[in-house]
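# Structural overview for review
Read off the chains here:
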Amino acid sequence: MRVSRGARYLAGAAVLMTAVAACGGGGGASGGGGKAAADAINVLGCEPENPLIPADANEVCGGKVLDSLFTGLVEYDPDRNGEPVNAVASAIESKDSKVWTIKLNQGWKFHDGTEVKAKNFVDAWNWSAHSKNGMQNGSWFADIEGFSDVFTEDPDGDGPQKAPEPKSSTMKGLKVIDDYTFEVTLSHPVSVFPVKLGYTTFSPLPDSFFKDPEAFKKKPIGNGPFKFVDRKNQQYIHEEKFAEYKGARAAKVNKLNWKIYQNEDSAYADLVSGKLDFMESIPPSALSGDKWKTDLGERAISGQQMVFQSVTFPMYNKKIWGNAEWRKAISMAIDRDTITDKIFNKGRLPIKGWVAPGVTGAKDGACGEFCTYNPEKAKQLLAEAKQKGFTPPAELKLFYNADRGGHKEWTEAVANSVTQTFGGEVKMVATPYPTFDEFRAAINDHKMEGIYRTGWQADYPHIENFLNPLYKTGASSNDGLYSNKKLDAKLKDADKEVDPAKSQALYQEAEAMLAEDMNAIPLWYYGLQAGHSPNVKNVKVTPFGELDVTSVELNKS
Amino acid sequence: MGRYTLRRLLQLIPVILGTTFLIHFLVWNLPGDPFAGRCGERPCNPAYIERMTELYNLNDPLIIQYGKYLLNLLQGNFGEDFRGVPVAETMAEVWPNTVKLAVVALSIEIIIGIGAGVLTGLKRGGFLDNLVMISTLFLMSLPVFVIGYLLQLTLGLQLGIIRPTVSPEMPWSELIVPGFVLASLQVAFTARLTRASIAENMRADYVRTAVAKGLPRRRVVGVHLLRNSLIPAVTFLGTEVGALMAGAIVTEGIFNINGVGQTIYRGIITHDATAVVPMVTVLVLVYLLATLLVDLLYAVLDPRIRYE
């Protein structure tokens, strides 16, 4: 997943509502003065945490910049709720969801003038997956046959031994057929493979990249609607329209400036005064009392994001895990409506399933009554849980990280809600880890002595992305070590199913199965509060909660 | 004086070595794995962690880590931060901004602070004295962020006199308001220190002698009185130079200035020690040089002070 935007802002102390890893530096159109240079739009950006290489961007800051610089085989159409449509690809076909033949449109060019060919994809994927290159998203290629030949792991984790040299520099599942056709063989059927292909990591790379990756880091060359001009750390990233862009969604503005701010409140001040044209994260200070709606009027945009928040039970810790009745009792003791109202000003909305609405295949209500607040039923369930021989811990800890993301308020509210519901019979306490690093390290090492907050932001808008990585046995983000054979089988069936509609239905059935064990309690999904300046029109927000930089236009005045 | 200065400068070397070691040790040994939090809610790709660990020699024992770091440093190589941006580049971008802001703030402190102190110290109990005393009390009791957001809101958003945030080119004119915000507390202290010191020295023997000699008032105040009375203010301002640079986190944040304070803060929060170590080292240098300068200034201001 991409690290969610929320996760990188310190909330709480009004003083330091400073963007953490994200934001710094000021920026104005280089024209200076008040108004932006006539043909440029200024959009809120944040400092990428990694070099601008598609396979190294796993967070929104780098991700949104790269999305404007690159176009993949498919793209997520903001006009059709993020449904994937072919972009560089003219056809992606498979009979068995295992062997995929991908045909490319001819005439697509990189920003350096070279043509986008099949080998640009194959070389890029091989390079990105290779473990010596240490790309953050290297494991995205794990479905491709021969991945283990290019990706080796340290045999003793963090220990003194080093990972062995990979056997090969190419995956045998990737085959170039001709300049505009290549074939991908997966190690097992993956019906959503074409949907995944719109993710930044699957972007093509120009030949010049392989000659000199260092130069590329300084000046990325993509094939997207915008090309890179220059950047100043913590201040701005400037891009301009790529005139030879071949895709359906060419840019309408000539210049795109990502302005980076140290803190959201200053960005908001600039938005109100028209020096910033778009921001997708109105700060809490402006959300309270709906101040932003009075400030911005018609220029305020409300929407939703594909971000899902939950509380996870560690299955490896039997004292906490208990039985299904126990976990359902906790879930039914959480007053989601009041919490989202009072703490988030309705900026987050209660959810009754494990998939954020708005993604392909999402179906509300998978969780049924177990995700609604019902103190009576909760007490009843607790009694049943005890009857079946489970002794609840004297104190149930709900862990969160205190340094960023503003999780203190809601975890405390959840803890209070549970404690009050059970009249002290179960005492839930929100317990912080000082930093996100320590929090994640404890989760990854499976050492949680309580339940803990979890969140998920979709990488691509499909129900599969909310299930496979999180709840399948041994999946990369299944950090509670949840395992359910029936669920695994259902997910496998869905992966294999060639017909998209049938496959979605199978995923929905799998989602509904989660209600039986309730290993993760769904809480809410994120709303979107964005705003734009009077200088721009035709402002659309992508399913990822970001500005659609290709359709936005400047007001001529 | 020359030998004294040289001795003080030589003392810098062990101090620098000690501080870099301590800072290096502390920031790299913050609890938690520096890379555990860099991949959101999923564990990082092991290949990524391995690459980064190797890049920063984190598998070596601490002393060797530090030795390798120091060796690179001596060759002028500051390394790259976690984002792959050379630290030297960050330093070159960030330091001028901070110095510019500090210069503006320091000028405001000197002009307004010392000016107000002298005027009120000469004429205690008057209208101006009361005004300065009350307004400085007001400034001292307000936290910096209140003043910052207040000025940004009123001057920037409501009246539209200034840009709410400073543009990346950092023109001097846009730095006046942030400079004032940063200096506000120190202005108040400087004014009060100078006032007290002037008031006290007004009664000193040498001032009475100077007046009795029939010197013009301007000379009595400007040369005899002021020189001696500046020592407390200079001591204070000297130590504040460092604080202006490191302590501008809040002001830099509000006015969106890409400065040293923010960079260090970000580095610590994201566990990225690469920029923190050299930045803090330079800050330590600034502190040491500023105190040296203050000590030397004493001798200039007060002829009774001599260094051998």
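Residues numbered from 1 in each chain as written. Chains lettered and ligands numbered in written order. Predicted model: local features only at pLDDT ≥ 70, side-chain atom pairs only at ≥ 80, totals over all residues. Heavy atoms only, no water.

### Digging into the packing of helix α5 (residues 127–141) of chain B against helix α7 (residues 172–201) of chain B
In a pair of packed helices, the angle between the axes and the distance between the axes together describe the arrangement. Residues and elements named next belong to chain B. What counts here: Between N-to-C directions, angles cover 0 to 180 degrees, with each direction set by a line fitted to C-alpha atoms, over the stretch in contact for helices. The secondary structure listing takes helices from DSSP runs of H or I that are at least 4 residues long and strands from runs of E that are at least 2 residues long, numbered from the N terminus. When an angle is under 35 degrees it counts as roughly parallel; over 145 it counts as roughly antiparallel; between 65 and 115 it counts as roughly perpendicular; any other value is oblique. Each crossing gets its handedness from the near helix: less than a right angle anticlockwise from the far helix is left-handed, clockwise is right-handed. Contacts are assigned to residue pairs that have any heavy atoms within 4.5 Å of one another. Side-chain classes are defined by residue name, with Ala, Val, Leu, Ile, Met, Phe, Trp, Tyr, Cys and Pro counting as nonpolar, Asp, Glu, Lys and Arg as charged, and the others, Gly among them, as polar.
Orientation of α5 relative to α7, taken along the N-to-C sense of each, is 140°, at an axis distance of 8 Å. What the angle tells us is that α5 and α7 run oblique. Seen from above, α5 lies across α7 with left-handed handedness. In contact with D129, M133, T136, L137, L139 and M140 of α5, α7 contributes S184, L185, A188, F189, A191, R192 and R195. Within the contact of α5 with α7, the residues separate by chemical class into 8 nonpolar, 2 polar and 3 charged.

### A word on the confidence of the model for chain B
What counts here: How sure the predictor is of each residue is captured by pLDDT, a score from 0 to 100.
Considering every residue of chain B, the mean pLDDT works out to 86; 99% of them sit at 70 or more. The complex prediction reports pTM at 0.82, with the ipTM value standing at 0.76.

### Topic: the state of the cysteines
Residue and element names in this part refer to chain A. This is how it is decided: The term disulfide is used for any two cysteine sulfur atoms that are within 2.5 Å. For every residue, the accessible area (1.4 Å probe, protein chains only) is compared with the maximum for its type, and the residue is labelled buried under 20%, exposed over 50%, or partly exposed between those bounds.
Considering all chains together, one arrives at 2 disulfides over all chains under this definition. Two residues share a disulfide in this structure: C367 and C371, whose sulfurs sit 2.0 Å from each other. Negative torsions about the S-S bond denote left-handed disulfides, and the value of about 80° found for C367 with C371 makes this one right-handed. Owing to a relative accessible area of 4%, C371 belongs among the buried residues under this scheme.

### Some points on the side chain of T152 of chain A
Residues and elements named next belong to chain A. Along the chain, T152 falls in the loop between α3 (147–150) and β6 (174–178). The exposure class assigned to T152 is buried, which follows from its relative accessible area of 15%. With sequence-adjacent residues up to four places away left out, T152 is seen in contact with S131, A163, P164, E165 and P166.

### Notes on helix α15 (residues 436–444) of chain A
All names here are of chain A. A large share of α15 lies buried, amounting to 8 of its 9 residues. Among the residues making up α15, those that are buried are F436, D437, E438, F439, R440, A441, A442 and I443. Taken together, the buried residues of α15 touch β14 (395–401), β15 (427–433) and β16 (451–457). H446 occupies a position one or two residues after α15 and carries a positive phi of about 55°.

### Description of the UniProt feature "transmembrane region" (unreviewed entry) in chain B
For clarity, the threshold we go by: UniProt positions are given in the numbering used here, feature names are shortened, and annotations may be inferred rather than shown by experiment.
Under the feature "transmembrane region" (unreviewed entry), the UniProt entry names residues 9–28, 101–119, 131–155, 175–193, 234–255 and 275–301 of chain B. Along residues 9–28 of chain B, the helical share is 100% and the strand share 0%, with 29 Å between the first and last C-alpha atoms.

### What to know about the domain arrangement of chain A
All names here are of chain A. The condition that has to hold: Throughout the structure description, domain borders are defined by an automatic or database domain assignment. Simply put, the buried area is the total loss of 1.4 Å probe accessible area from both parts when two parts are fitted together. Criterion for a salt bridge: a side-chain nitrogen of Lys or Arg within 4 Å of a carboxyl oxygen of Asp or Glu.
Each assigned domain of chain A is listed here: domain 1 (17–274 + 533–554) and domain 2 (304–528). Each of domain 1 and domain 2 was reduced to a C-alpha centroid, and the two centroids are 31 Å apart. Across the boundary between the two partners, domain 1 contributes 21 residues, which contact 20 residues of domain 2. Taken together, both faces of the contact between domain 1 and domain 2 bury some 1600 Å²; the carbon and sulfur share is 62%. The largest share of the area that domain 1 buries against domain 2 comes from S191, V192 and F544, three residues that together contribute 28% of it. Put simply, domain 1 and domain 2 have 0 salt bridges between them.

### Looking at the packing of aromatic side chains
For the record, the criterion: Each Phe, Tyr or Trp ring (for Trp, its six-membered ring) is paired with any other whose centre lies within 6.5 Å, and the angle between the two planes then decides the class: stacked below 30 degrees, edge-to-face above 60, tilted in between. Cation placement over rings: the criterion is NZ of Lys or CZ of Arg within 6 Å of the ring centroid and within 35° of the ring normal.
This model, assessed by the stated rule, comprises 29 aromatic pairs over all chains. Taking the centre distance of 5.6 Å and the plane angle of 40° together, the rings of W28 of chain B and Y56 of chain B count as tilted. You can see W28 of chain B sitting in helix α1 (residues 2–28) and its partner Y56 of chain B sitting in the loop between α2 (46–55) and α3 (62–74), a full 28 residues away along the chain. Residue class for W28 of chain B comes out buried when judged on its relative accessible area of 13%. Joined through ring pairs, the aromatic side chains of W100, F121, W125, W140, F141, F182, F193, Y199, F202 and Y460 of chain A make up one cluster. A cation sits over an aromatic face here: R348 of chain A above Y526 of chain A, 4.0 Å from the ring centre. In this arrangement the basic side chain of K100 of chain B is found over the ring face of W172 of chain B, its NZ or CZ atom lying 5.3 Å from the centre.

### Quick notes on the domain arrangement of chain B
Interfaces are frequently sized by the accessible area removed from exposure as the parts join. Residue and element names in this part refer to chain B. Note the following rule: Nitrogen and oxygen atoms within 3.5 Å of one another constitute a polar contact, given that in protein one can donate a hydrogen and the other can accept it, and given that sequence-neighbouring residues count only through two side-chain atoms.
As far as domains go, chain B holds domain 1 (2–74) and domain 2 (88–301). Here domain 1 and domain 2 have C-alpha centroids that lie 32 Å from each other. Listed per partner, the contact involves 20 residues of domain 1 and 17 residues of domain 2. The interface formed by domain 1 and domain 2 includes 1 salt bridge. A salt bridge links R8 to D295, with the nearest nitrogen and oxygen atoms 2.6 Å apart. Scanning the region where domain 1 abuts domain 2 turns up 1 residue pair in polar contact (both at pLDDT 80 or more). Looking at the side of domain 1 that touches domain 2, the element that brings in the most residues is α1, giving 13 residues. Broken down by class, the residue content of the side of domain 1 that touches domain 2 amounts to 13 nonpolar, 5 polar and 2 charged.

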